[in-house]
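# Analysis of the macromolecular model
Chain by chain, the residues run as shown.
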Amino acid sequence: MRTPADRQTPVPPEDFRDHIATTDEVGRRKWIYPRKVHGHYFRLRTWFSWLLLVIMFAGPFITIHGNPLLMMNIVERKFVVLGQIFWPQDMIIFAVSILVFFTGVIIFTAAFGRLWCGWACPQTVMMEMVFRKIEYFVEGDAHEQRLLAAAPWSGKKIFKRGFKYAVFFALSFLVGNVLLSYIIGWRALWAIIVDPPAQHLVGLTFMTLFSLLFFGIFARFREQACTFVCPYGRFQSALLDENSIVVAYDHKRGEPRAPFKGELKSEARATAGYGECIACNQCAAVCPTGIDIRNGTQMECVHCTACMDACDNVMTKIGRPAGLVRYASLNNIERGEPIRFTPRLKGYCVVLGVLITLLGLLIFNRSDAEATLLRAPGSLFQQMPDGHYSNLYTLRLVNKTSRELPVELRLESPAGSITIMGGQDSITLPAQKLTENSVLVELDPAALKSGTTPVVIGVYCGDVKLQTLKTAFVGPRTQAH
Ligand code: SF4
Ligand code: SF4
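Our subject in this report is the structure included herewith. Owing to the predicted nature of the structure, the values given are computational and were not obtained by experimental measurement.

### Things to note about the pattern of salt bridges
In total, this model carries 15 salt bridges according to the counting rule given. With its nearest N and O atoms 3.1 Å apart, the salt bridge here joins Glu 412 to Lys 465. Remark: Lys 465 occurs in strand β16 (residues 464–474) and Glu 412 occurs in strand β11 (residues 405–413); sequence separation between them is 53 residues. On the basis of relative accessibility, which here comes to 34%, the residue Glu 412 falls in the partly exposed class. One salt-bridge network, held together by shared partners, links Glu 135, Glu 139, Arg 161, Lys 164 and Arg 222.

Dropping the structure here:
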């Protein structure tokens, strides 16, 4: 780790382990100009990205049983996954889902490295398939971009930069709004857009913040989001082993590298003791994180496959088989071993299987409604004109279904009566809503124990018991038997 005092001592650029590719010898940001890539994997990734972009942008408008596909409403503590609403009361399901997610990520990473980062991560998809393409369109390939950056400010440079950043900001605004609609829902977002601004100051603030955040990420921060901020890249080194499939350079086939010219232009290379890497640096030139895959698996590699395409194109041109840089495990390269289902992976799969089963059971046994009974704040007990004692409670009911539920309360023990305040016999719970009612429990003095008496209340929908509530009834100590 370099301290500020070390800054005057340049780090040799070839010593890639001591500094990241996006800093220069004295620790300043080095802007990456990756060359345009084309090839088999890039085509596949482009098609796949289009699919993901359609899902991402259409997601907030897709509904299942009237609920969005995905909504993480932190403000109202309401979470919707695949049209199913989950409330804070479903915390256990949420906790197990998180465990399933992380175990899945661990297994996936141990088996396939950062496949997710290269193919499906929204940061990579947006950066490489949207913003980068716009940049190529406006400023040209890496070489033209370098020339433009070095050129003095002129009308042409101001126009190109201004146009690029204007498009970037418009897109960042769009992405920010999509993110906001995954949090508050598209209807609430639409209200922010069409209502007078004074009615949605908080919403407008977030809209602006999200737009600026994405603009900052895609216009300036870029690959540093993957190398500095995202924790996934950091812990992959703890998950990968020699059997994990990663984007790898076949050093056995490629080394020792030598330029493709003169007497080293043909099969004579092998006779002369050279490998197939022709040191053209195309794999490094296309890398969006600025690394050289020939240095081995590195934390900065997002498995975007650009170097695989670049090298395959070179190999095709010089008449050698593709795959010098390819998806492979270390054991595959070193010993030619096929992909193995290792004991470590088997162990992870067993844990994942158990967690998925548990999650399935929790979702299957999830009740239609959930009730919470709390003593009304600040209330003790009251004696009624007929001599009975009463306690006031607050009942919170959540209807987790997408239909109305009529709910009744029955006092099961001890003998007494239960009344829903407001003159109703039952509570009609609107679909997917939370209601709050005051409930009065009256007990005969003979049923009371000293101080507090346990009370059991049944929550029913028709004849189906939804839940049993247990609480304490506070009475006078003098009534103890
Ligand atoms: S090394 Fe290759 S796969 Fe890794 S980020 Fe660079 S170009 Fe993408
Ligand atoms: S693109 Fe292939 S041949 Fe060229 S330097 Fe990279 S690994 Fe070697």
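Let's pick the thread back up.
### A short note on the side chain of Thr 46
Mapping Thr 46 onto the fold places it in helix α1 (residues 40–58). Beyond its immediate chain neighbours, meaning those up to four positions away, Thr 46 contacts Met 129 and Lys 133.

### Concerning helix α16 (residues 343–364)
In this model, α16 (22 residues) spans 31 Å end to end at C-alpha, consistent with the 32 Å of a helix rising 1.5 Å per residue. Listed in full, the buried residues belonging to α16 are Leu 345, Leu 352, Leu 355 and Leu 359. The buried residues of α16 all sit within an arc of 95 degrees when viewed along its axis, so they share a single face. Structural note: α16 exposes Pro 343, Val 350, Val 354 and Phe 364 on the side pointing more than 90 degrees away from its buried face.

### A few points about the site of ligand 2
For ligand 2, the set of nearby residues contains 13 residues, the closest of which are Cys 277, Cys 280, Asn 281, Cys 283 and Cys 311. Every element with two or more residues in the shell around ligand 2 is listed here: α13 (282–285) and α14 (306–317). Among the residues forming the shell around ligand 2, the class breakdown is ten nonpolar, two polar and one charged.

### Re the packing of helix α6 (residues 155–184) against helix α7 (residues 186–194)
Running from amino to carboxyl end, α6 crosses α7 at an angle of 125 degrees, the nearest separation of the two axes being 7 Å. Compared by their axis directions, α6 and α7 come out oblique. Taking contact as the criterion, the partners of Asn 177, Leu 180, Ser 181 and Ile 184 in α6 are, on α7, Trp 186, Ala 188, Leu 189 and Ile 192. In terms of residue class, the contact of α6 with α7 is made up of six nonpolar, two polar and no charged.

Calculation notes
- Residues numbered from 1 in each chain as written.
- Chains lettered and ligands numbered in written order.
- Predicted model: local features only at pLDDT ≥ 70, side-chain atom pairs only at ≥ 80, totals over all residues.
- Heavy atoms only, no water.
- Salt bridge = Lys/Arg side-chain N within 4 Å of Asp/Glu carboxyl O.
- Helix = DSSP H or I, 4+ residues; strand = E, 2+ residues; numbered from the N terminus.
- Buried < 20%, exposed > 50% of the residue type's maximum accessible area, 1.4 Å probe, protein only.
- Contact = heavy atoms within 4.5 Å.
- Expected span 1.5 Å × (residues − 1).
- Arc of directions from axis to C-beta.
- Near = heavy atom within 4 Å.
- Nonpolar A, V, L, I, M, F, W, Y, C, P; charged D, E, K, R; others polar.
- Axes fitted to C-alpha atoms, helices over the stretch in contact; angles between N-to-C directions.
- Parallel < 35°, antiparallel > 145°, perpendicular 65-115°, else oblique.

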